[in-house]
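# Coordinate analysis (summary)
Here is what each chain is made of, one letter per residue.
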Amino acid sequence: MPSVPNAGFAGRIGRTLAESMPHWPTPTCAPAFSPNIVVILLDDLGFSDFGCYGGEIDTPHIDRLASNGLRFTGYTTVPMCTPARAALLTGKNPHSVGCGWLTHNDPGYPGYRGEMSKDAPTMAELLRAQGWSTLAVGKWHNTYDRNLHAGGDTSSWPLQRGFERFYGFMGAETNYHQPDRMMEGNQIAQIDRYPEGYFAPDDYTGRAIGWLAEHRASAPAKPFFLYMAFQTPHTPLQAKPADLAKYRGRFDAGWDALRADRFERQRAMALIEANAQLPPRNPGVPAWADLPADQRALFARYMECYAGLVDNADQNIGRLLTFLQQSGQLDNTLILITSDNGANSIGGPTGVMNLHDRRQGFAEDPAAVKRLLAEDRVGGDDTYAAYPSGWTQVSNTPYRYYKRTPMAGGIRVPFVAHWPRGIASRGTTRPQWIHVTDVLPTVLALTGGHYPTTFNGLRTRQMDGRSFVEMLGDSAAPQQRDRQYYELQGNRGYISGGWKIVSLQPPAPTMDLDNWMLFDLANDPTEIHDLAATQPEVLKRLVAEFEAEATANYVYPIDNRDDRRAITLPPHELADASTAREFFRDGHAIPTVVVSPLIADRSFLLSARFDWQEGQEGVILAMGDRFAGMTAFVMDGALHFVFQLWNRPIELAPIPLCVGAQQFTLDYRALGDRRGQGRFTLNGQVVQSEADLSPTLVRLPSGGLSVGISRRQAVSERYADRGTFRYAGAIESVRIEPGPQAPGTPMQIDEAAVQAAMRAAYVGPVSKLA
């Protein structure tokens, strides 16, 4: 039977205080002198990017932590963001807690729900129960996208997963200069536009330091857990002007020379195995010397942006260290610094100035790129850059391949531990293999915590990780693990003892499930020589072990689709995505996850009802941002409409207004092959028919939909200098009525229909290995 709140009262209750005996239950407190815990997680950072791991980027504060702490050189993570964060926070393999891919899709299988399962307590939930204060800032990418709105299920939001305070954004990425939907706890931050010079990592670092100052003054004996999840250096590659200027010319020598330099420094610093070889360039990466001069200049600038971002993160870590030192807390604070996965190759061989355009299927305009480079605007808030994969390989030196793959470049990242009160032999390295799931067991071991047998009314399945706490004090402590599986988007890997197998699956209608490679890690730590053909028995054994682990952890069915899977919806959400919506100027912007499905390569009717009087102007509606969207606004006595595409807006001729009530409509028709056409009316009169509004939009990058105000980044440059440009008159509402998707659309939003088509096209078994 469940207990009642006062069942444990040990005093005596009489009719008066004089006849009674009080009892005060002992509150849960952490043991005296328990350490504070700070986990600093960077995003898409490679093994060699810190100075203390061989890089040329200036990271003096991280380097100082390494010189007074430990560098683990055999740490592995998993190959992508959401799964890595789930593994870190729960100590469980990511598929086993429903986080086998990102938060953008729910294909209807246990390993891929996009949120951490409720039977797996997080580090915050466990430490909070033990008496720690729990704080989180930065990026939270562990909530299913369709729950990121005012009516969503908030049970997986940070405050519902153990954190007492949260300030940051929930999603994959955002603009560093004008971040989208920053959250304060469970509420959206009440700010319409960020000031000149604003930079998100500076902001949430400042918020964390402020919280710690309040905590130190309020409860000096109570330890805290701070989860500081930088977006840095994930795309977009944006940086502050001073940080960009600092690295001007630093990378002109190119990726081949700088990768060789990093490799030699790593050898000299004994960060890599003595028999490690520098692999050849990854497939598709050209020799730097073969590039034309204009490409070398552009590509070097992209890397300058990346370096500026990493440098900024180090500066902010320095701010945190300064406060911990000044407040007398540094000596008894365990600081762990790592990355969620290896560096990202999403920019491809040439990089890209606007990643959103590429995601929408648009070709890059070389003239626009050249102009932005000449105007020194790369890294500003109106670019959304990703660096070329040649630089990705530099970041991942000495390893091959990238994020998304279980090759070493995707899973080998730096791991720095600093704790003056608990770490011996400071300034040394630990070559023992530890894995991301080992972090939580280690934290529990050093805080005296235990893992519950039940949680949220569910039976827990115990952690998959193993504590490495003994390694903090003993360089000779034995390694605690000898095997681990990996899988991301069809790319599979498995390490067993000194052997490793890898199968890479590019997005394709069919998969070759037998294309395993085999590497002897003891003799080939950089995974250059495939021994699958010469060691068939070893290969067969490891494949069998992988299959057992994959089955036990809900890895199947594997899914190698491209990122179009990110826009699909399960059956129970389809009706909602086809339901007309009304939007009002009260409240904040309605998020992209709500608005995008209403317009995703589909027909729709957009209408706005407002009143206009002489002299009134401002934004009627703003949907999306500078990179893609649409906006209607009043200026100079006329209504203006812009179908916004980055650097190539389509503008409707101004529509003169007459005083009084107005009803503006856009009847948008998605015609197929990404062609779109608009019919505009004002007060029932056609003002333009058959306007070419191509290509159709697949999804809004950010910004959602605002009524009566321009928030964050102006959708149109026409009013970019007008601040929030609030409409001075009355707006009744804005309405979107979604219609059918375009004929033959490649952007099918019905997940069940997509999978049904895949089953219909399936021609037979693809695995032959017994």
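Residues numbered from 1 in each chain as written. Predicted model: local features only at pLDDT ≥ 70, side-chain atom pairs only at ≥ 80, totals over all residues. Heavy atoms only, no water.

## As for the packing of aromatic side chains
In total, this model carries 30 aromatic pairs according to the counting rule given. For the ring pair Phe 643 and Tyr 668, a centre distance of 6.2 Å and an interplane angle of 15° mean the geometry is stacked. Highlighted residues: Phe 643 in strand 21 (residues 638-645) and Tyr 668 in strand 24 (residues 660-672), separated in sequence by 25 residues. The buried category is assigned to Phe 643, whose relative accessible area is 1%. An aromatic cluster is built from Tyr 247, Phe 251, Trp 255, Trp 288, Phe 299 and Trp 391, whose rings are joined through pairwise contacts. (Phe/Tyr/Trp six-rings, centres within 6.5 Å; stacked < 30°, edge-to-face > 60°. Helix = DSSP H or I, 4+ residues; strand = E, 2+ residues; numbered from the N terminus. Buried < 20%, exposed > 50% of the residue type's maximum accessible area, 1.4 Å probe, protein only.)

## Remarks on the pairing of strand 4 (residues 165-170)
Buried residues dominate strand 4, accounting for five of its six residues. Bridge analysis of strand 3 (residues 133-140) against strand 4 gives six bridges, and the strand direction is parallel. Its bridge partner being in strand 4, Ala 136 is matched across the sheet by Phe 166. With two bridges connecting them, strand 4 and strand 5 (residues 183-184) associate as antiparallel partners. Paired with Gly 168 across the bridge in strand 5 is Met 183. (Pairing = 2+ DSSP bridges.)

## Regarding the nonpolar core
Judged by nonpolar contacts, the single largest core of 85 residues is most densely connected at Ile 40, Leu 226, Ile 337 and Trp 391. With 16 residues, helix 7 (residues 293-326) is the largest single contributor of residues to this core. With residues up to four places along the chain from it excluded, the contact list for Leu 226 reads Ile 37, Val 38, Val 39, Leu 135, Val 137, Ala 208, Leu 212 and Leu 320. Judged by nonpolar contacts, the second largest core, of 57 residues, contains Trp 132, Leu 148, Val 436 and Val 439. (Core = buried A, V, L, I, M, F, W, Y, C linked by side-chain atoms within 4.5 Å. Contact = heavy atoms within 4.5 Å.)

## Describing the sheet that holds strand 9 (residues 415-418)
Spatially, 6-5-4-3-7-1-8-9-2-10 is the arrangement adopted by the 10 strands of the open sheet, whose pairing is mixed. Each edge of the open sheet carries a strand with a single partner, namely strand 6 (187-188) and strand 10 (428-435). Where strand 3 meets strand 7 (residues 224-229), six bridges bridge the pair, whose relative direction is parallel. Following the sheet pairing, Ser 133 is matched in strand 7 by Phe 224. Contacts from helix 1 (residues 60-67) reach strand 2 (70-76), strand 8 (333-339) and strand 9, with the element oriented near 65° to strand 9. Most of the contacts of helix 4 (residues 200-218) go to strand 3, to which it runs at about 175°, and overall it touches strand 3, strand 4, strand 5 and strand 7. (Axes fitted to C-alpha atoms, helices over the stretch in contact; angles between N-to-C directions.)

## Some words on the pattern of salt bridges
Pairing is possible between side chains of opposite charge, provided their charged atoms come close. Under the definition given, this model contains 51 salt bridges. Between Arg 561 and Glu 751 there is a salt bridge; the shortest N-O distance is 2.9 Å. Taken together, the residues Arg 561 in the loop between helix 14 (536-552) and helix 15 (571-577) and Glu 751 in helix 17 (residues 751-761) connect sequence positions 190 residues apart. Given a relative accessible area of 13%, Arg 561 falls into the buried group. (Salt bridge = Lys/Arg side-chain N within 4 Å of Asp/Glu carboxyl O.)

## A few points about the sheet that holds strand 15 (residues 499-503)
With antiparallel pairing, the four strands of this open sheet are ordered in space as 13-14-15-16. Lying at the two open borders of the sheet, with one neighbouring strand each, are strand 13 (483-488) and strand 16 (517-520). The sheet shows a mean angle of 10° between the axes of neighbouring strands, direction not considered. Summarising the sheet, strand 13 and strand 14 (residues 491-496) pair through six bridges and their orientation is antiparallel. Pairing of Gln 484 across the sheet is with Ile 495, part of strand 14. Docked against the sheet, helix 14 engages strand 13, strand 14, strand 15 and strand 16, running at close to 110° with respect to strand 14.

## Notes on unusual backbone geometry
The residue after Thr 235, namely Pro 236, is reached through a cis peptide bond having omega 5°. With an omega of 0°, the peptide bond between Tyr 556 and Pro 557 qualifies as cis. Of note in the backbone geometry, Arg 674 takes a positive phi value of approximately 65° without being a glycine. Relative to the assigned elements, Arg 674 resides in the loop between strand 24 and strand 25 (675-682).

## Quick word on helix 12 (residues 439-447)
It helps to recall that an α-helix has 3.6 residues per turn; residues three or four apart then point in one direction. The element helix 12 is extensively covered by neighbouring structure, given that eight of its nine residues are classed as buried. Turning to helix 12, its buried residues are Val 439, Leu 440, Pro 441, Thr 442, Val 443, Leu 444, Leu 446 and Thr 447. Immediately downstream of helix 12, the backbone of Gly 448 shows phi near 75°, a positive value.

## Remarks on the side chain of Asp 382
The topology assignment puts Asp 382 in the loop between helix 9 (366-374) and helix 10 (389-395). Beyond its immediate stretch of four places on either side in the chain, Asp 382 contacts Arg 377, Arg 626, Phe 627, Trp 646 and Gln 713.

## With respect to the environment of Pro 179
Here Pro 179 lies in the loop between strand 4 and strand 5. A relative accessible area of 1% places Pro 179 in the buried class. For the pair Pro 179 and Pro 121, spaced 58 residues apart in the sequence, the C-alpha separation amounts to 29 Å. Ignoring anything within four residues of it in the chain, the contact list for Pro 179 reads Thr 174, Tyr 194, Tyr 198, Ala 200 and Arg 712.

## Considering helix 2 (residues 81-90)
Burial within helix 2 is extensive, with 10 of its 10 residues counted as buried. Buried positions along helix 2 lie against strand 1 (36-42), helix 3 (123-130), strand 3, strand 7, helix 12 and strand 13. Looking at the residues trailing helix 2, positive phi occurs at Gly 91, about 70°.

## Focus on the environment of Leu 671
Mapped onto the elements of the fold, Leu 671 is located in strand 24. Judged by its relative accessible area of 35%, Leu 671 falls in the partly exposed class. Remark: the alpha-carbon pair of Leu 671 and Gly 210, spanning 461 residues in sequence, is separated by 53 Å. For Leu 671, the contacting residues outside a window of four places in its chain are Gln 677 and Pro 743.

## A look at the side chain of Thr 76
You can see Thr 76 is positioned in strand 2. Those residues in contact with Thr 76, other than ones at most four positions away along the chain, are Ile 411, Arg 412, Trp 433, Ile 434, His 435, Val 436 and Tyr 486.

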